[in-house]
Amino acid sequence: FGIVSRLTDQKGIELLEKTIEGFVSDNQIRFTMLGTGSKEYEGYFQYLASKYPTRVFVHIGYNNTISHRIVAACDFLLVPSKFEPCGLTQMYALKYGTIPLVRHTGGLADTVKEYDPNTKQGNGVVFHHYSAEDFASAMRRAVILYKLQPHWDNVIHNAFASDYSAKRCAERYSEVYTWAKEKV
């Protein structure tokens, strides 16, 4: 599990602070973080890295190369934002086949859909309420999904197939414009 983010309240870091250690201490996950921001959050993640040196990697600051390596290497990318008007990080993750775990808000809600084992549709893991409990529930679902075949392969395939390119958006705009023009 990884996160590349500004360490601010907007990005939902308080939810991560309330939940991540339980998953790491139980040896359910390994965690990596790249970011900078609130000194309180920076200190917390440095504490985690020192307490769990074989399961937590933290880089305070920003480095474009490291950010892409983290996004590409993780199985899940955490984006627990309180609000997110657009969001690009989850789209980078999808292109790398990394599964975004996001809060259903703004652009995150537009681009990431909960994987459904029954329909085999969806490209991520989604939680709705801005709470540590809902975030932890999504983390547990992610851990289970990772162990389920063929569903793990299916969600990765769906991630790779996600297309939020400008070309696709322009084509959709053209379709809507043509529809509207015919209705006039």
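For the structure, see preceding data.
Residue numbers here run from 1 along each chain, matching the order of that chain's written sequence. Totals for whole chains, interfaces and linings use all residues, but because this is a predicted model, local features are given only for residues with pLDDT of at least 70 and pairs of side-chain atoms are given and counted only at 80 or more. Just so you know, side-chain values use all the structure's heavy atoms and leave hydrogens and water out.

Participant: I'm lost on the pattern of salt bridges in this one. Help?
Facilitator: Here the idea is simple: oppositely charged side chains can pair when their charged atoms come close. A pair is scored as a salt bridge if a Lys or Arg side-chain nitrogen falls within 4 Å of a carboxyl oxygen belonging to Asp or Glu. Scanning all chains against the criterion turns up five salt bridges. E84 is paired through a salt bridge with K11; the nearest N and O atoms lie 3.0 Å apart. Of this pair, E84 sits in the loop between β4 (76–79) and α4 (89–96) while K11 is found in the loop between β1 (2–7) and α1 (13–25), placing the two residues 73 residues apart along the sequence. The residues E84 and K11 share a single accessibility class, namely buried. Between E21 and K51 there is a salt bridge, and its shortest N-O distance comes to 2.9 Å. Taken together, the positions of E21 in helix α1 and K51 in helix α2 (residues 39–51) put the pair 30 residues apart, joining distant regions of the chain. A run of DSSP states H or I qualifies as a helix once it reaches four residues; a run of E qualifies as a strand once it reaches two. Both are numbered from the N-terminal end. Residue exposure (1.4 Å probe, protein chains only): buried if accessible area is under 20% of the type maximum, exposed if over 50%, otherwise partly exposed.

Participant: What's the story with the pairing of β4 in this structure? I'm lost.
Facilitator: Sheet faces and side chains relate simply in a regular strand, where the side chains alternate between the two faces. On β4, burial covers both faces: F76 and L78 on one face and L77 and V79 on the other are all buried. Any two strands between which DSSP finds at least two bridges are classified as paired. Bridge count between β4 and strand β5 (residues 99–103): four bridges; the pairing is parallel. Counterpart to F76 in the pairing with β5 is I99. Consider the strands pointing away from the viewer: the crossover is right-handed when the path from the first strand over the helix to the second runs clockwise. Read from β4 through α4 to β5, the crossover connection turns out right-handed.

Participant: Would you take a moment to explain the nonpolar core for this structure?
Facilitator: The nonpolar side chains of soluble globular proteins are, as a tendency, buried together. In these notes, a set of buried Ala, Val, Leu, Ile, Met, Phe, Trp, Tyr and Cys residues joined through side-chain atoms within 4.5 Å is what counts as a nonpolar core. By size, the foremost hydrophobic cluster in this structure holds 39 residues, and its most contacted members are F1, I20, F31, F45, L78 and L101. With seven residues, the single largest contributor to this core is helix α6 (residues 132–147). Those residues within four positions of L78 in sequence are excluded, and the remaining contacts are F1, G2, I3, L16, I20, F31, L101, F135 and M139. Core analysis: the second largest hydrophobic core is formed by twelve residues, V4, I70, L77 and V102 among them. Note on definitions: a residue-residue contact is assigned when non-hydrogen atoms from the two residues lie within 4.5 Å.

Participant: Before we go on, may I ask you to explain the packing of α1 against α6 in this structure?
Facilitator: Helix axes are fitted to C-alpha atoms over the stretch in contact, other axes to C-alpha atoms as well, and angles between N-to-C directions run from 0 to 180 degrees. Packing of α1 against α6 brings their axes to within 9 Å, and their N-to-C directions diverge by 40 degrees. Put simply, α1 runs oblique to α6. α6 is crossed by α1, and the crossing has right-handed handedness. For the pair α1 and α6, contact is made by L15, L16, K18, T19, I20 and F23 and by A132, F135, A136, M139 and R140, respectively. Under this scheme an angle from 65 to 115 degrees is roughly perpendicular, one under 35 degrees roughly parallel, and one over 145 degrees roughly antiparallel; angles in between are oblique. By the definition used in this description, the sense in which the near helix is turned from the far one sets the handedness, with an anticlockwise turn below a right angle giving left-handed and a clockwise turn giving right-handed.

Participant: Please clarify how α4 should be interpreted in this entry.
Facilitator: For the α-helix, the turn length of 3.6 residues means that residues three or four positions removed from each other point alike. Along α4, the positions that sit buried rather than exposed are Q90, M91, A93 and L94. Here the buried residues of α4 occupy an arc of 155 degrees about the axis, which is enough to place them on one side. Where α4 is buried, its residues meet α3 (64–73), β4, β5, α5 (106–111) and α7 (151–161). A positive backbone phi angle near 75 degrees is found at G97, which sits one or two residues after α4. The arc in question is the one traced by the directions running from the helix axis out to the C-beta atoms.

Participant: What's the story with the side chain of T32 in this structure? I'm lost.
Facilitator: Tracing the chain through its elements places T32 in strand β2 (residues 31–37). The buried category is assigned to T32, whose relative accessible area is 12%. A polar atom in the side chain of T32 sits 3.4 Å from the backbone oxygen of F57. Under the rule applied, a polar contact is a pair of N or O atoms within 3.5 Å (in protein, one hydrogen donor and one hydrogen acceptor; residues adjacent in sequence only if both atoms are side-chain atoms).

Participant: Can you help me understand the packing of aromatic side chains in this one?
Facilitator: Aromatic ring pairs are defined here through the distance separating the ring centres and the angle between the ring planes. Put simply, two rings from Phe, Tyr or Trp (the six-membered ring, in Trp's case) pair if the centres are within 6.5 Å, and we call them stacked under 30 degrees between planes, edge-to-face over 60, tilted for the rest. By the definition in use, this model includes seven aromatic pairs. With a centroid separation of 4.8 Å and an interplanar angle of 20 degrees, the aromatic rings of F1 and F76 are classed as stacked. Of this pair, F1 sits in the segment before β1 while F76 sits in strand β4; the two residues are 75 residues apart in sequence, bridging distant segments of the chain. The class for F1 is buried, based on a relative accessible area of 12%. A relative accessible area of 1% places F76 in the buried class.

Participant: I'm lost on the packing of α3 against α4 in this one. Help?
Facilitator: Packed helix pairs are specified by the crossing angle of their axes together with the interaxial distance, meaning the distance between the axes. Where α3 contacts α4, the axes come no closer than 8 Å and their chain directions differ by 60 degrees. Our classification of the angle between α3 and α4 gives oblique. When the axes of α3 and α4 are compared, the crossing they make is right-handed. Across the interface between the two elements, H68, V71 and A72 of α3 pack against Y92, A93 and Y96 of α4. Each residue is assigned to one of three groups, with Ala, Val, Leu, Ile, Met, Phe, Trp, Tyr, Cys and Pro labelled nonpolar, Asp, Glu, Lys and Arg labelled charged, and all others, Gly among them, labelled polar. In terms of residue class, the contact of α3 with α4 is made up of five nonpolar, one polar and no charged.

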